[in-house]
Amino acid sequence: MSEQGSWRELRGRRMSEPGAAEAHEATRLAYELGKTVRGMREGRGWSQNDLARAAAMTQSAVARFEAGGTVPTLPVLERLARALDADVEVRLTPRAPAA
């Protein structure tokens, strides 16, 4: 079996474990939020230190957040949003019923 094939097999086994899909989704969301904050920070010409000061955080906390290394709490998102002059929007949208 190729290296890629064995990786896919391992991934498939891991994703079938209880809670794996939820953990994967949380990681994906953390990464997307971090990417968004980084883009907004860079758009302002700010360093991570600049954002950290404005949000009353440490530079290392900003770096971890931007890398998707932490799943943020709502208060952390609010502090980052205030520092970036942005709003946090959390929405629940009903899924379409199965046909």
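Residues numbered from 1 in each chain as written. Predicted model: local features only at pLDDT ≥ 70, side-chain atom pairs only at ≥ 80, totals over all residues. Heavy atoms only, no water.

*Asks:* Describe in detail the confidence of the model for the protein, supporting the description with residues and values.
*Replies:* With 85% of its residues at a pLDDT of 70 or more, the protein has an overall mean of 87. The weakest mean pLDDT in the protein belongs to helix α1 (residues 3–15) at 66; the strongest belongs to helix α3 (residues 48–55) at 98. (pLDDT = per-residue confidence, 0-100. Helix = DSSP H or I, 4+ residues; strand = E, 2+ residues; numbered from the N terminus.)

*Asks:* So what's going on with unusual backbone geometry? Residues and values would help.
*Replies:* Phi is positive for Ala56, close to 55°, though the residue is something other than glycine. Structurally, the position occupied by Ala56 is in the loop between α3 and α4 (59–66). Phi is positive for Asp85, which is not a glycine, with a value near 55°. Checked against the element boundaries, Asp85 lands in the segment after α5 (74–83). Of the residues examined, Asp85 reaches a relative accessible area of 67% and is grouped as exposed. (Buried < 20%, exposed > 50% of the residue type's maximum accessible area, 1.4 Å probe, protein only.)

*Asks:* I'd like to hear about helix α2 (residues 20–43), residue by residue, with values.
*Replies:* Spanning 24 residues, α2 covers 35 Å between terminal C-alpha atoms, matching the ideal 34 Å at 1.5 Å per step. Considered for burial, the residues of α2 that qualify are Ala20, Ala30, Gly34, Val37 and Arg41. A positive backbone phi angle near 75° is found at Gly45, which sits one or two residues after α2. (Expected span 1.5 Å × (residues − 1).)

*Asks:* How would you sum up the pattern of salt bridges? Please name residues and give values.
*Replies:* Taken as a whole, this structure holds 5 salt bridges when the rule is applied. The closest approach of N and O atoms between Arg28 and Glu25, which form a salt bridge, is 2.6 Å. With Arg28 and Glu25 both in helix α2 and 3 residues apart, the pair spans about one turn of that helix. We classify Glu25 as partly exposed; its relative accessible area is 33%. For Glu42, the salt bridge identified is with Arg38, shortest N-O distance 2.9 Å. Within this pair, Glu42 and its partner Arg38 are both found in helix α2, separated by 4 residues, close to a single helical turn. Residue classification places Arg38 among the partly exposed positions, given a relative accessible area of 42%. (Salt bridge = Lys/Arg side-chain N within 4 Å of Asp/Glu carboxyl O.)

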